[in-house]
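Structural overview for review
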Amino acid sequence: MTTPVNNDAPTHAECHRIQLLDDFSVDCAAGTVIGSSTPGGTVRRGRDAERQITIDHGALRFQPLVTPGWARQGIAYGPFRRENGLILAVSITNGHNTSQGTAIPEHIAKRIYRWAVGPNADPWPKRLIAWVRSPRRRGTLRRFLWWMRSTRKSYKLPDMNENLAIGWFTSEAPRDPLTDGCGFIMHAALGENGELWARVGKRCLSAFRRLKNLRIHYFVVLRERGAVYYAAAMDNAHGLPALPMMRPIAIDPFNEDEILYAGVHQCVLGQIGFRVDTRVHGIHIQQVSELTSRFGSAHVGDPLTGGSIAGPARLNGAWRVLCGDIVATCTGTRATVYPALAIADPGIPTGLLHAVASTTDAASACGLAWRVRDRDNFWLFRVSGEESALLRVEDGVETVVVRAAQGRLEPSKIHSLQILDGYGEVGCYLDGDRLFATEDKSLEQSTGTGIWFGGGSIEMRDFEAHPRAIPIPRSLRPHAGWSRLGRQTEFADDFLAASGDLAGRATKNGNGIWEKTLGVGFIDIHDGAAHVRGTVENPHPNRTFYTLPWYQPDFADLEVTITPPGQSRGQSHRCRAGLVFWQDPDNYCSFSIWLDDIYEGASVALFPKRHGFEELYDAIWTMVWHKVHWGKPFRLRIPFDGERFVVFVDDEPVMQRALTDLYADDTPLRIRRVGLAVNWEWGNDTGSTFQAFAARR
């Protein structure tokens, strides 16, 4: 039970009970969510300044704000009193991890003209008639208002590059979550999509970039001081494990705010005038007994105070002093003979390592060791009063991987040292600042971890090492979201037939006959591939679909290998190739790659046409950085049940959504044909190739 707040407190009457589940099972209209109650009777707090929060299809919906900013859109619960092991668990599909609040790049007249003509697939008079008949027209006035307030002349706000905050904050509508409480922050990383931050002390620790637009599960576990952060996603997601595991992300040893609100807050949605909604699938607040201990999920944890360092750690493992001499005092552990290294070996690799270092006014040096095999083979994050350095020791030979002068120990100060290791990257942090990162895999399966002293009067305490992934407490395990792969191949084609137009050709397997379903461009067979007919001088004209008949309207799983044209940036080549799911001329979903000289990184985008009208600025996408590059083949795979889909690039999931995330009243697409797509997306394709097409059910 949460201890009640004193009734005489000036700002809070009482704290809520610890158990809370909000599954958003009852619909709420726009503007009515804040003040409504969860299924258990808890009042939903927060802020809905523009009345754009709704609940539908079992999820909370944040719609884009006309005026972006913190403390304008969010949901909160509480207040709660800080207690060890109190967890906020949130399952969420952020609208776009690289959402930004900025001015739109072009004149408003050009923007409205592009909206009117769309993607060059239909004559604009036909588009306007379709818009009049479309249910989408209801949001057009608000869209235009947003654009008019976002021109280079009218946009008066500062640029906003942080778009989402999840965690424990000191109010139900925090004005700046970057400086408040214990929470995750999503930072727009441009071509690398999302950058996941976590509040540590007065800073935001950058955990990793290239977080794609997937359903992510966040867990923020309070401690007596500070918090521990965890996250999870689906199989093969970049940087995160799949359910039922979660990855320890960061440790904050500093925050002491006693009264907190659990909340999810959106600052901005969309990018350069494109709109997309965020969906919160569930929020759970609970105190979990297995995480109430001092070091929670750590497989090695020791306060490093009192007794001898040589012997059992307070939590699992046993300390071994490999060199020097180390003693424990009532305030921390220090060395008397330098250099000194003590390790504990939990038997499995460490993913998150943290300790607190206390300096005096004398020069000193300390560090964290991990991936320790023995005294001659390990990694070391070393910090001193002069510099910081990342070192690799192999067979007794020390190599400085990288060093920096900006990360230094300050005299008479308490510092946080932290290492995040796993999923292809290592990050080293001092007081929440990321000093170094490397993708070096040397000794990555070595399991020893510990502390190092290099001289001076310095003490280390509160050492903890966590595995790269731990099981999510059973009572908190969320639903993973939809994901399904086809098991039986209906059609397969390697495009090895005689040269000529793809239309009219039979697939190698399945006896399907290709037809040109849309467009005036061509896809030609020659040299063992299907080639988009286009060059830099004469690009492919706008949108073209080549499709096969499909007889399972509620599911198809498509895969193809695509090679973008050219070999490198600067050759003016563009890739706009992809896949299409077709119901009829008024209803289809095309997915295509965007690769162009004008922007660092590539993307995968969905362009949905529903009920005869394609709202161009409702396209949704995810940045995939350099997973797609000129002249480099990659596999694009998309399973789709007419409502929900997952996009994979080379087996990594990069986008996971539902059509009702775009439009709450949308009906499922009935899949009648499937095939290859070439799209217009602010430029045309200059000669991409397709190979190894497969359609599964």
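This is a predicted model, so every value here is computed, not measured.

A look at the nonpolar core
Membership of the largest hydrophobic core comes to 70 residues, with the highest contact counts inside it found for Trp 168, Tyr 218 and Val 264. Core analysis: the next-biggest nonpolar cluster, separate from the first, contains 51 residues, Ile 523, Ile 562, Phe 634 and Val 647 among them.

Considerations on empty space enclosed by the protein
The final tally for this structure, using the stated rule, is six cavities of 30 Å³ or more. For the largest cavity, the calculated volume is near 60 Å³. Forming the walls of the largest cavity are 13 residues, and the residues nearest its centre are Ala 207, Phe 208, Arg 247, Gly 422 and Glu 425. Mapped by element, the contributors of at least two residues to the lining of the largest cavity are strand E10 (203-211), strand E24 (414-422) and strand E25 (425-430). With four residues, E25 is the single largest residue contributor to the lining of the largest cavity. Across the lining of the largest cavity, the residue classes tally to six nonpolar, four polar and three charged.

Points about the sheet that holds strand E44 (residues 673-678)
The strand order across the open sheet formed by seven strands is E32-E35-E44-E37-E38-E39-E40, and the pairing between neighbours is antiparallel. The open sheet has two free edges, formed respectively by strand E32 (515-518) and strand E40 (620-625), since each of these has just one partner strand. Along the sheet, successive strands turn relative to each other by an average axial angle of 25°, direction set aside. Sheet topology note: the strand E38 (residues 587-594)/strand E39 (residues 602-609) ladder contains seven bridges and is antiparallel. The residue bridging Ser 592 from the neighbouring strand is Ala 605, located in E39.

Let's talk about the environment of Pro 585
Structurally, Pro 585 can be placed in the loop between strand E37 (577-584) and E38. Given a relative accessible area of 54%, Pro 585 falls into the exposed group. Taking the C-alpha atoms as reference points, Pro 585 and Leu 518, separated by 67 residues in sequence, lie 8.3 Å from one another.

Some details on the pairing of strand E28 (residues 458-467)
Summarising burial for E28: nine of the ten residues are buried, a large majority. Looking at chain direction, strand E19 (residues 350-359) and E28 are connected through eight bridges and run antiparallel. The partner of Ala 357 across the bridge, within E28, is Met 460.

Notes on the pairing of strand E21 (residues 377-384)
Successive residues of a regular strand alternate their side chains across the two faces of the sheet. In terms of burial, E21 is a largely internal element, eight of the eight residues being buried. Every second residue of E21 is oriented toward a common face, with Asn 377, Trp 379, Phe 381 and Val 383 on one face and Phe 378, Leu 380, Arg 382 and Ser 384 on the other, all of them buried. Bridge analysis of strand E20 (residues 365-374) against E21 gives seven bridges, and the strand direction is antiparallel. Looking at E21, one finds that Leu 368 is bridged to Phe 381. In this antiparallel pair of consecutive strands, E20 and E21, the connection spans two residues.

Here's the deal with the pattern of salt bridges
On inspection of all chains with the given rule, the structure shows 50 salt bridges. In this structure, Glu 615 and Arg 143 form a salt bridge, with 3.8 Å as the shortest nitrogen-oxygen distance. Of this pair, Glu 615 sits in the loop between E39 and E40 while Arg 143 sits in helix H3 (residues 140-148), and the two are 472 residues apart along the sequence. The same class applies to Glu 615 and to Arg 143, which are both buried. Asp 421 is paired through a salt bridge with Arg 371; the nearest N and O atoms lie 2.9 Å apart.

Here's the deal with the sheet that holds strand E5 (residues 73-81)
The strand order E2-E5-E14-E7-E8-E9-E10 describes an open sheet built from seven strands, whose pairing is antiparallel. Of all strands in the sheet, those bounded by a partner on one side alone are strand E2 (45-48) and E10. For this sheet, the mean angle separating the axes of adjacent strands, direction not counted, is 20°. Bridging between strand E7 (residues 162-169) and strand E14 (residues 259-266) involves six bridges; their strand directions are antiparallel. Among the inter-strand pairings, Ile 166 is bridged to a residue of E14, identified as Val 264.

Quick look at the state of the cysteines
The final tally for this structure, using the stated rule, is zero disulfides. Cysteine Cys 366 shares no disulfide, and the gap to the nearest cysteine sulfur, in Cys 428, comes to 13 Å. A residue is classified by how much of its surface remains accessible, and Cys 366, at 0% relative accessible area, is buried.

Section: the confidence of the model for the chain
Chain-level pLDDT for the chain is 94 on average; 96% of the residues reach the 70-or-more range. Confidence over residues 1-14 falls short of pLDDT 50; this stretch has 28 contacts with residues more than four positions distant or in other chains.

Looking at the packing of aromatic side chains
Going through the model one piece at a time under the given rule, you end up with 29 aromatic pairs. Summarising the aromatic geometry, the rings of Phe 581 and Phe 591 are spaced 5.9 Å apart at their centres and angled 80° between planes, so their arrangement reads as edge-to-face. In this pair, Phe 581 sits in strand E37 while Phe 591 sits in strand E38, placing the two residues ten residues apart along the sequence. As far as burial versus exposure is concerned, Phe 581 and Phe 591 are alike and both buried. With a centroid separation of 4.9 Å and an interplanar angle of 35°, the aromatic rings of Trp 680 and Trp 682 are classed as tilted. You can call Trp 680 buried: its relative accessible area is 6%. Over the ring of Trp 379 we find Arg 371; its NZ or CZ atom is 5.5 Å from the centre of that ring.

Considering the side chain of Thr 563
Within the secondary structure layout, Thr 563 lies in strand E36 (residues 556-563). The exposure class of Thr 563 is buried, given its relative accessible area of 15%. Every residue in contact with Thr 563, bar those within four places of it in the chain, is listed here: Gly 631, Lys 632, Pro 633, Ser 688, Thr 689 and Gln 691.

Topic: the packing of helix H1 (residues 108-117) against helix H2 (residues 124-133)
For the pair H1 and H2, the least separation of the axes is 8 Å and the interaxial angle reads 85°. As judged from the angle between their axes, H1 and H2 are roughly perpendicular. Facing H1, whose interface residues are Trp 115, Ala 116 and Val 117, H2 presents Trp 124, Arg 127, Leu 128 and Trp 131. Residue composition of the contact of H1 with H2, by class: six nonpolar, no polar and one charged.

Conventions adopted
- Positions within a chain are numbered from 1, following the residues in the order the chain's sequence is written.
- Local features in this predicted model are restricted to residues of pLDDT 70 or higher, and side-chain atom pairs are both shown and tallied only at a pLDDT of 80 or more, whereas totals for entire chains, interfaces and linings draw on every residue.
- No hydrogens and no water enter the side-chain calculation; it runs on all heavy atoms of the structure.
- The criterion is simple. A nonpolar core is a set of buried Ala, Val, Leu, Ile, Met, Phe, Trp, Tyr and Cys residues joined through side-chain atoms within 4.5 Å.
- Between buried and exposed lies partly exposed: a residue is buried under 20% and exposed over 50% of the maximum accessible area for its type, with that area taken using a 1.4 Å probe on protein chains only.
- We place a 1 Å grid over just the protein atoms. Points where a 1.4 Å probe fits but has no way out form a cavity, open points with protein on both sides within 12 Å along at least 5 of 7 lines form a pocket, and any residue with an atom within 4 Å of a point lines it.
- Grid points are joined across faces, edges and corners, and a volume is the space filled by probe spheres set on the points.
- Numbering of helices and strands runs from the N terminus, with a helix taken as a DSSP run of H or I at least four residues long and a strand as a DSSP run of E at least two residues long.
- Polar here means any residue outside two lists: the nonpolar Ala, Val, Leu, Ile, Met, Phe, Trp, Tyr, Cys and Pro, and the charged Asp, Glu, Lys and Arg; Gly therefore counts as polar.
- The pairing criterion for strands is at least two bridges between them, as found by DSSP.
- Here the axes come from fitting lines to C-alpha atoms, over the contacting stretch only for helices, and the angles between their N-to-C directions go from 0 to 180 degrees.
- Every case where a carboxyl oxygen of Asp or Glu lies within 4 Å of a side-chain nitrogen of Lys or Arg is listed as a salt bridge.
- Cysteine sulfurs are considered disulfide-paired once they come within 2.5 Å of each other.
- Known as pLDDT, the predictor's confidence for each residue is given on a scale from 0 to 100.
- Residues are treated as being in contact if the distance between any of their heavy atoms lies within 4.5 Å.
- A pair of Phe, Tyr and Trp rings is counted when the ring centres sit within 6.5 Å of each other, with Trp represented by its six-membered ring. The angle between the planes then sorts it: under 30 degrees is stacked, over 60 is edge-to-face, the rest tilted.
- Criterion for a charge above a ring: Arg CZ or Lys NZ at most 6 Å from the ring centre, at most 35 degrees from the ring normal.
- Note that the term roughly parallel is reserved for angles under 35 degrees, roughly antiparallel for angles over 145, roughly perpendicular for angles of 65 to 115, and oblique for everything else.

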